[in-house]
Amino acid sequence: MPVTIETIHDDLFHLYSRIPNWYEVRSILRIEPLDAGLGGFSVIEEQLAEPFIRDYDSHHEDNPTHWASQFDLSRWGIFLASDEDGIPLGGAAVALDTPVYPLDRFQREDMAVLWDIRVNPDHRRSGIGTRLLAHAACWAREEGCGQLGIETDSSNVAACRFYARQGCELGAIHRFGYSGVPAVADYAMLLWYLEL
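Draft legend 1. Quick peek at the overall build of the protein. Counting its secondary structure elements, the protein contains four helices and nine strands. Order of helices (α) and strands (β) in the protein, N terminus to C terminus: β-α-β-β-α-β-β-β-α-β-α-β-β. Projected onto the principal axes, the alpha-carbon positions of the protein cover approximately 55 × 40 × 30 Å. Looking at the protein residue by residue over its 196 residues, the buried ones come to 44%.

Draft legend 2. Quick peek at helix α3 (residues 128–142). Along its 15 residues, α3 runs 21 Å from first to last C-alpha, staying within 8% of the 21 Å computed at 1.5 Å per residue. Where α3 is concerned, the buried positions are Ile128, Gly129, Leu132, Leu133, Ala136, Ala137, Trp139 and Ala140. The buried residues of α3 occupy an angular sector of 165° when the element is viewed end-on, so they sit on one face. Two residues or fewer after α3 comes glycine 144, characterised by a positive phi angle close to 95°.

Draft legend 3. Representation of the side chain of aspartate 153 in the model. Within the secondary structure, aspartate 153 sits in strand β7 (residues 147–153). Among the residues examined, aspartate 153 registers a relative accessible area of 4% and is labelled buried. A distance of 3.0 Å separates the side chain of aspartate 153 from the side chain of arginine 54, its partner in a polar contact. If we ignore the near neighbours within four places in the chain, the residues touching aspartate 153 are Tyr23, Arg54, Tyr56, Cys160, Tyr178, Tyr187, Ala188 and Leu190.

Draft legend 4. Quick peek at the sheet that holds strand β9 (residues 189–195). If you walk across this open sheet you meet the seven strands as β1-β4-β5-β6-β7-β9-β8, and the pairing is mixed. Of all strands in the sheet, those with a lone pairing partner are β1 (4–7) and β8 (169–174), marking the two edges. Ignoring which end each strand starts from, the neighbouring axes of this sheet average 25° apart. As paired strands, β1 and strand β4 (residues 77–82) are joined by four bridges and run antiparallel to one another. The residue of β4 that forms the bridge with glutamate 6 is leucine 80. With respect to the sheet, α3 is in contact with β1, β4, β5 (88–95), β6 (111–119), β7 and β9, its orientation differing from that of β6 by roughly 160°. Along the sheet face, helix α4 (residues 157–165) touches β6, β7 and β9 and points at about 160° away from the line of β7.

Parameters and conventions
- Residues numbered from 1 in each chain as written.
- Predicted model: local features only at pLDDT ≥ 70, side-chain atom pairs only at ≥ 80, totals over all residues.
- Heavy atoms only, no water.
- Helix = DSSP H or I, 4+ residues; strand = E, 2+ residues; numbered from the N terminus.
- Buried < 20%, exposed > 50% of the residue type's maximum accessible area, 1.4 Å probe, protein only.
- Expected span 1.5 Å × (residues − 1).
- Arc of directions from axis to C-beta.
- Polar contact = N/O pair within 3.5 Å; in protein donor to acceptor, adjacent residues only side chain to side chain.
- Contact = heavy atoms within 4.5 Å.
- Pairing = 2+ DSSP bridges.
- Axes fitted to C-alpha atoms, helices over the stretch in contact; angles between N-to-C directions.

Take a look at the structure:
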C-alpha cells in the first residue's frame, strides 16, 4: 500500500487526532533491582491473566488538537502518514527546544523528543511505524539534532520491542517515575534514545 508522509500544521491536527491512540496490554515489564540497584536491574516480561486496553485518547489534554494551547509548536515537526486516498494511517510528533517532561532535564542540548507516535490499529505491523520513526529521526537530524529521546512505560511492551528493533537503546529506567499519577503509578518510566 502506498503511504505518503507529510509535515502538517495545526489546521490539520484534527486529522491526526482521528488516529486511535490505544494499545492492548497483554504483558508488562517488571523491573527488579539487583543488589539494591547497584548491580543494575532485571527486566522481566510477565504475561497478564486479564489483558486490558490503555487508551491515550481518553486523556483529552493529550489530544493533538490541544498541543498548540500547551506548547510553542514553532520548532516541532508533526507528520501525518496517509494512504493514496488521503486517509490518515499514522502520525508522529517531534519536539525541539521544548521543555517536555521527563526529557527536559539533564539531557543533551542537541536532543529532540519523540512526543507522540501512533498508527491506526488496522494498519499496525505493516511498516508505517517504522517509516514514521525513520522520517521523524531524519527530520530531527536535518534540524541539527544528534539524539532522539523517547518515553514509554513498562505496560507498553510492544512499543519497547519496536524501539529496540529500530536501533534505540534503553538509557534510563525510572521505577517511580509515575508515582504521582495514580492511574499509572505501578508502571516504570522507560527512556529510550536513538543516536542520529
